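Listed here are the chains, written in short residue letters.
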Amino acid sequence: MPKYEHDGRIYEVDEDGFLQEPDLWNETVARDFAASEDVPEMTDAHWVVVNYLRNYYLQFGIAPMVRKVVKETGFKLTQIYELFPSGPAKGACKVAGLPKPTGCV
Amino acid sequence: MVTAAIAYLAFAIFVAGTVWRVVAWARVPVPFPIALTCGQQKSLDGIRAAWLENPWTPAGAACRTALEALLFRSLFRNSRAQFLPGPRFIYRPALSLWAGALLFHVCLFWVWIGHLRFFVDPALLGPANRFVDAGLLAGLAFLFLRRVLDPRLRYLTLLSDYLPLALLATVASSGILMRWWFHTDAAAVKRFALGLATFHPIAPVGVGLLFYVHLFAASALVATIPFTKLAHIAGVFFSPTRNLPNRSRARRHVNPWLAPAQVHTYAEWEDEFRDRMRVAGLPLERQ
Amino acid sequence: MAEPKPDELVQIDYAPPHAPWPGPGAQFRKGTYSHAGAAKNLKYLGLPNPRDWQPPDADWKLPENWREIVIQGMRERLEKYRSFRLFMDICVRCGACADKCHFYLGTGDPRNMPVLRAELLRSVYRRYFTPAGRALGRLAGARDLTVDVLKEWFYYFYQCTECRRCSVYCPFGIDTAEVTMVARELLNLVGCNINWIVEPVANCQRTGNHLGIQPHGFKDTLDFAVDEIAELTGIRVEASVNRKGAEILFVAPSADFYGTPHYYTLLGYLMVLHEARVDYTFSAYASEGGNFGMFVSHELMQRLNAKIYAEARRLGVKWVLGGECGHMWRVLHQYMNTLNGPPDFLEPPVSPVTGTVFSNARSACAVHICEFTADLVAHGKLRLEPARNDRFAVTFHDSCNTARGMGLLEEPRLLLRAACNRFFEMPENTIRERTLCCGSGAGLGGDENFETRMRGGLPRAAAVRQVKEAHGVNLLACICAIDKASLPKLLDYWVGGVEVAGVHELVGNALVIEGEKPRATDLRGEAYV
Ligand code: SF4
Ligand code: SF4
């Protein structure tokens, strides 16, 4: 099982570097994973996206669809890409400790 | 007498082997209707369907198979891809294989029919003419040369692919030599062949070495048909991608070995998600 | 992982190696293979040999008697599938199929020629099941089943999208997709599969769809879509879930409820079905039309597919309408009726709008949405304003399964011609029954498989580039969820400036709904130009 290490903290991750156990997530975890996603600092804007993802995940067991993220956070897709260079489904979900969606998407 | 015995043996192996081969295929079920569609399906009235390339009746599928077996329909589609900067591909029609294969098979068939004159009396048909013989050799040469000259084909050719070509070449060249240059006593051959056909075998007399070469190579060829890729002669008729009609939604295809699915039932599913469904206002079977 | 650049990938060497076949085994180079199936998914599905492993590992942690398992599995399948048996016996190695595979065209790797892909299995078949192979070994083209051979199977049978293009050209109709399906079943017997397949399968078994959308989330998405349509058109369409007594059960690939640009196709469905006043319902239990089980085994395909008829029976509908998806329709068209039929509780489908009897679907009782909508359009039941799609010059990509496993060629074209003013075909060797695969089908669409996907999709992308250059095409329409997921990336990589959309998205754009307000934007929220 691959590991991801940041600042001495070690996490079990999947092959794509997503947190294995989404339940172990907290804000420190988010900051640690942000470092792996070219996000130098977690600003308020980052937190808006991450918290939205996190809450949606807790309610529905899956990441929200991108269209919904855009609409409900009020950020344009391009802005989300500025915040999380690898995009909402990959970068932002990774920071929010969500599993990676698998399927025809 | 040994000669006759070898011919009989080869023929017996061929017959038994073919029966075994065909039965082996026929016994195995066709579990799913996997027709490969090469044209518009039959659906709405206003849309013209391709009855031959995408048949929806068994008769249409039979025609499709016949076209495949007699005229090599699919080879006629052949193209050769070329990769160009751009990046870009062009696909040039490549009919040489179709033409060469057809030439070879037609000539072979013709020559084979011509041989019947040895086995029936009076002969109903004359022998194949020199153009057919030349065509046969040309076809064989083509099939052989493409395997050695084209690097891609050379790579994918197995040693065992040369065996039938070698046998065919031996049979064809010895036969042609006998017919056009080193004449063999055709009457003697006919006596021998008739003996075989009427189960009163006699030893061939007055035939040359070439005749033995011809006969033994032909025997070897015939005997190997069921056990090598030459079985494609019968196999083409069995191919489920071509001989099945495409009507699986109109008529159920039965699979003899299928067991019922072990489905994750609705009840199990609702049990897992009931609370969340209730909150979302979705209908429930059990509250 | 740094992704290779297009100008690196176009350096394709088609010259075969000097060493004779079979040559060295598979090289698991990063970017050219998919992650192994995770143990938790295998366990959930009850598949053999769940464990922690990855393809580049030297030790694959196979069961002790793996060889017997595989050979025995092969023996059973030789008795069950005539296709498999026949295709092992009759290939003459004429080479007609060799350059028809997009993976061969994109990699130049000779083992991606369909004939040699099948030969990977055929050589083992000869060794254990034919007298000549047993006696003569290598001379007869036979070889022992070793771990290296198994690894080669894994690499190359998860590098075949089961697209069936090779079979179009084969004089005996040899369908390498059939060989691949059997090979994958064999690999699965010893636990060798990929996560991009088994995770969706496990999700689908549990939640009803590949993505793992749970019922309340499914409802939430549909509500969201209904709201969006209301904002855009002022019309509130209805989208019921698990409603008993509806006339029709509508099943779409779950990506339509989740992905981009799939979601716009969902909006299109909702608008068309509303405008035609169809009495239909979605199901959150049968919320997946696609079937990744097909990429594992016939048994799993059957298990996942069974939900559709089961739900149709429970809800008491008359027939099933299916959305835009390629492999879903391979299953619904060629397998469902056999696997889980006969659906004698359903009725032969009749369009409630036009009265057309879909007699081609009278037994399976499942109709493709393109057939259904094409019938509406042919009868003049929809008002379409193609000018609303004028910012697009459109081409159409036939998905492999609907083209070669069904023959659904004209219905989507009829819709495109009605919904768009500018429609252009790609070159004829690349469409209809000769269509080229997106390169990501049959479960190969994982991000980690990037290089293989870009290579496999190169022939398709090159054809798109041709129509882009000739006609300024800037939108590729398709009717497949995998296409919608993979082609945007592929076309960005090789072409640039070509978007991807479902056919029903374009129909939805053009559709004039009775009583709608003037639309400010198209379904994507972009201005009409
Ligand atoms: S086209 Fe058919 S017979 Fe020819 S090499 Fe390919 S699979 Fe074999
Ligand atoms: S089915 Fe498609 S991917 Fe597989 S070998 Fe044939 S052409 Fe290639």
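Data block above holds the structure.
A brief report on the enclosed structure follows. (Residues numbered from 1 in each chain as written. Chains lettered and ligands numbered in written order. Predicted model: local features only at pLDDT ≥ 70, side-chain atom pairs only at ≥ 80, totals over all residues. Heavy atoms only, no water.)

## Structural notes on the interface of chain C and chain A
Line of reasoning, step 1. Chain C puts 35 residues into the contact, and the matching count from chain A is 23 residues.
Line of reasoning, step 2. Inspection of the region where chain C meets chain A yields six salt bridges.
Line of reasoning, step 3. There are 12 residue pairs in polar contact (both at pLDDT 80 or more) connecting chain C and chain A.
Line of reasoning, step 4. Breaking the side of chain C that touches chain A down by element, the ones donating at least two residues are α11 (195–207), α12 (215–233), α13 (262–275) and α21 (481–494) of chain C.
Line of reasoning, step 5. Here the side of chain C that touches chain A gets seven residues from one element, more than from any other, and that element is α12(C).
Line of reasoning, step 6. Split by residue class, the side of chain C that touches chain A holds 15 nonpolar, 12 polar and eight charged. (Contact = heavy atoms within 4.5 Å. Salt bridge = Lys/Arg side-chain N within 4 Å of Asp/Glu carboxyl O. Polar contact = N/O pair within 3.5 Å; in protein donor to acceptor, adjacent residues only side chain to side chain. Helix = DSSP H or I, 4+ residues; strand = E, 2+ residues; numbered from the N terminus. Nonpolar A, V, L, I, M, F, W, Y, C, P; charged D, E, K, R; others polar.)

## Re the sheet that holds strand β7 (residues 499–502) of chain C
All names here are of chain C.
Line of reasoning, step 1. Strand order across the open sheet formed by three strands is β5-β6-β7, with parallel pairing between neighbours. At either margin of the open sheet sits one strand with a lone partner, and together these are β5 (394–397) and β7. Across the sheet, the axes of successive neighbouring strands diverge by a mean angle of 35 degrees, strand direction being ignored.
Line of reasoning, step 2. Pairing of β5 with strand β6 (residues 475–478), which is carried by four bridges, proceeds in the parallel orientation. Within the sheet, the bridge partner assigned to His 397 lies in β6 and is Cys 478.
Line of reasoning, step 3. Packing against the sheet, α21 makes contact with β5, β6 and β7, and its axis sits at approximately 165 degrees to β7. (Pairing = 2+ DSSP bridges. Axes fitted to C-alpha atoms, helices over the stretch in contact; angles between N-to-C directions.)

## Quick word on unusual backbone geometry
Line of reasoning, step 1. At the junction of Asp121(B) and Pro122(B), the peptide bond is cis and its omega measures out at 0 degrees in the coordinates.
Line of reasoning, step 2. When you line up the elements, Pro122(B) lands in the loop between α3 (96–119) and α4 (130–149).
Line of reasoning, step 3. Of note, the bond from Gly341(C) into Pro342(C) is cis; its omega dihedral lies within 30 degrees of zero at -5 degrees.
Line of reasoning, step 4. For Pro342(C), the position within the fold is in the loop between α15 (326–340) and β4 (366–368).
Line of reasoning, step 5. If you check the backbone angles, Arg164(C) has positive phi at about 70 degrees while not being a glycine.
Line of reasoning, step 6. Within the secondary structure layout, Arg164(C) lies in the loop between α8 (147–157) and α9 (165–169).

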